[in-house]
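# Fold and contact review
What follows is each chain in one-letter form.
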Amino acid sequence: MLACFLDAPKRVAVRDVQIPKLEAGDILVRMEASGICGTDLEKVEGQLGPRGILGHEVGGTIERVAKDVTRHKPGDRVVAHHHVPCYKCVDCSRGDFTLCTEFKKTNIDPCGFAEYFRVPEYNVARGAVIPLPPELSFEEGAMMEPTACCIRAIGRAHVQQADNILVVGLGPTGLTQIQLLRQATTGKILGSDIIDARLKLGKKLGADETINALTEDVPAQVRRVTGEGIDLAIVSTGNEKALNQAFSSVRKGGRILLFGAPSHGVSYQLNLSELFSLQITLLSSYSCVEPELAEAIRLVSEKRLDLKSMVSDRFKLRDAEKAMEFAKTSKTAIKTIIIP
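The rules we used
- Residues numbered from 1 in each chain as written.
- Predicted model: local features only at pLDDT ≥ 70, side-chain atom pairs only at ≥ 80, totals over all residues.
- Heavy atoms only, no water.
- Helix = DSSP H or I, 4+ residues; strand = E, 2+ residues; numbered from the N terminus.
- Contact = heavy atoms within 4.5 Å.
- Axes fitted to C-alpha atoms, helices over the stretch in contact; angles between N-to-C directions.
- Parallel < 35°, antiparallel > 145°, perpendicular 65-115°, else oblique.
- Nonpolar A, V, L, I, M, F, W, Y, C, P; charged D, E, K, R; others polar.
- Left-handed = near helix turned anticlockwise from the far one by under 90°.
- Salt bridge = Lys/Arg side-chain N within 4 Å of Asp/Glu carboxyl O.
- Buried < 20%, exposed > 50% of the residue type's maximum accessible area, 1.4 Å probe, protein only.
- Core = buried A, V, L, I, M, F, W, Y, C linked by side-chain atoms within 4.5 Å.
- Pairing = 2+ DSSP bridges.
- Polar contact = N/O pair within 3.5 Å; in protein donor to acceptor, adjacent residues only side chain to side chain.

Attention shifts here to the side chain of T336. When you line up the elements, T336 lands in strand 15 (residues 335–339). When sequence neighbours within four positions are dropped, the list of residues in contact with T336 reads S34, G35, I36, D313, F315, A323, F326 and A327.

Contact pair helix 5 (residues 144–156) / helix 11 (residues 290–301): the axes reach a minimum separation of 8 Å and the direction vectors enclose 105°. Looking at the two axes, helix 5 sits roughly perpendicular to helix 11. Residues M144, E145, T147, A148, I151 and R152 of helix 5 lie in contact with helix 11, whose contacting residues are E292, L293, E295, A296, I297, L299 and V300. When the residues that make up the contact of helix 5 with helix 11 are grouped by side-chain class, the tally is eight nonpolar, one polar and four charged.

Before going further, it helps to examine the packing of helix 8 (residues 218–226) against helix 9 (residues 242–249). To characterise two packed helices, one gives the angle between the axes of the helices and the distance between these axes. Contact pair helix 8 / helix 9: the axes reach a minimum separation of 9 Å and the direction vectors enclose 35°. Crossing hand, helix 8 versus helix 9: right-handed. For the pair helix 8 and helix 9, the contacting residues are V218, P219, V222 and R223 in the first and Q245, S248 and S249 in the second. The class makeup of the residues in the contact of helix 8 with helix 9 is three nonpolar, three polar and one charged.

Tallied over the full model, the rule gives 21 salt bridges. Of the charged contacts, one joins K73 and D76 as a salt bridge, the two residues approaching to 2.9 Å between their closest N and O atoms. Using a relative accessible area of 17% as the deciding quantity, one classes D76 as buried. Ionic pairing is found between E139 and R314, a salt bridge with its closest N-O pair at 2.5 Å. On the criterion of sequence distance, the pair formed by E139 in helix 4 (residues 138–142) and R314 in strand 14 (residues 311–316) is long-range, its members being 175 residues apart. Looking at R314, the relative accessible area reads 46%, which means it is partly exposed.

Counting 45 residues, the largest nonpolar core has M144, L181, I234 and M310 as its most contacted members. When residues in this core are grouped by element, the largest group, seven residues, is from helix 5. M31, L54, V78 and I338 belong to the second-largest nonpolar core, a separate cluster that totals 36 residues.

The subject of this paragraph is the sheet that holds strand 8 (residues 165–168). The strand order 10-9-8-11-12-13 describes an open sheet built from six strands, whose pairing is parallel. Since the sheet does not close on itself, it has two edges, and those belong to strand 10 (209–212) and strand 13 (281–284), each with one partner. If you compare each strand with its neighbour and ignore which way they point, the axes differ by 20° on average. In this structure, strand 11 (residues 230–235) lies alongside strand 12 (residues 250–258), joined through five bridges in parallel fashion. Its bridge partner being in strand 12, A233 is matched across the sheet by I256. In the packing of helix 6 (residues 172–182) onto the sheet, contacts are made with strand 8, strand 9 (189–193) and strand 11, and the angle to strand 8 comes to roughly 165°. Contacts from helix 9 reach strand 8, strand 9, strand 11, strand 12 and strand 13 within the one sheet, and its direction differs from that of strand 12 by about 150°.

With that settled, consider the side chain of S192. As for its position among the elements, S192 is in strand 9. Reaching out from S192, the side chain makes a polar contact with the side chain of Q245 at a distance of 2.6 Å. Excluding anything up to four places from it in sequence, S192 contacts L166, V167, V168, G169, L170, L199, I211, V218 and Q245.

As far as function goes, none of this settles anything; it's purely spatial.
Shown next, in the form of structure tokens:
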């Protein structure tokens, strides 16, 4: 089978490798669609360390199951989650599932950018293989993981009914957050980005206004709409410079949520006196767990979220390297999907 590997920073290779063999409790899934995440691009650039497994937003069909697997069968349409907590440790007991020491030790084998991938028994036993309803496409299935991450983040942000909210970065997750927020607040929702296609889609998906950060003064536009500033700013890009928009736009007593994954070791200089005196709350949210994946599937099945409109480009697995370069540099791409 073909699979895509990160051999070193900026060295991606699609190779012919053996189909993974199953051990007790394992499941083999035939990949039908796999989304390129911003963290995949950061891995390729070396921003998250020297190596990494590419592809974790996956939808597919079960090809084989180990003899002792009874809850799933060949032919089932599924979404598979790559990181799974133990659900037993102190962190898990507090609800901090994505802080579990086991969480990032788990993964699919060899990766999500592969014709077939193995879901290990550890993941299977903890509910990380979730049925994909027949009315949903595999491409929608591939977007359930980032959608679930957005659901978790908005929950951590404690959105209030009348909050005015700024989403900084209108990639696929920022656009998903706008849709979720539209259902959570009657306040104004604003989005900022530097790509016109994303700004346009942001308006279509529920933003009251979108702001081009290259040509407009984001904080000034925020105050024009809200008066005193935003109640909550969600930073949906890993670019640390985006924090400037958030801190300059948030009102006294407001909240800032870090969602986009920053590069390893990156720093940002805070005005601690201002943070203290204005009583700004700084939060972060990382990844998701199985209940949030199930909630994502429910919302899309009920047509309360539109994921299809975000899929802008598709590449064959054999062209995965080209796909990632396109996703990184394109001025029109929103969500790029890899298909077999």
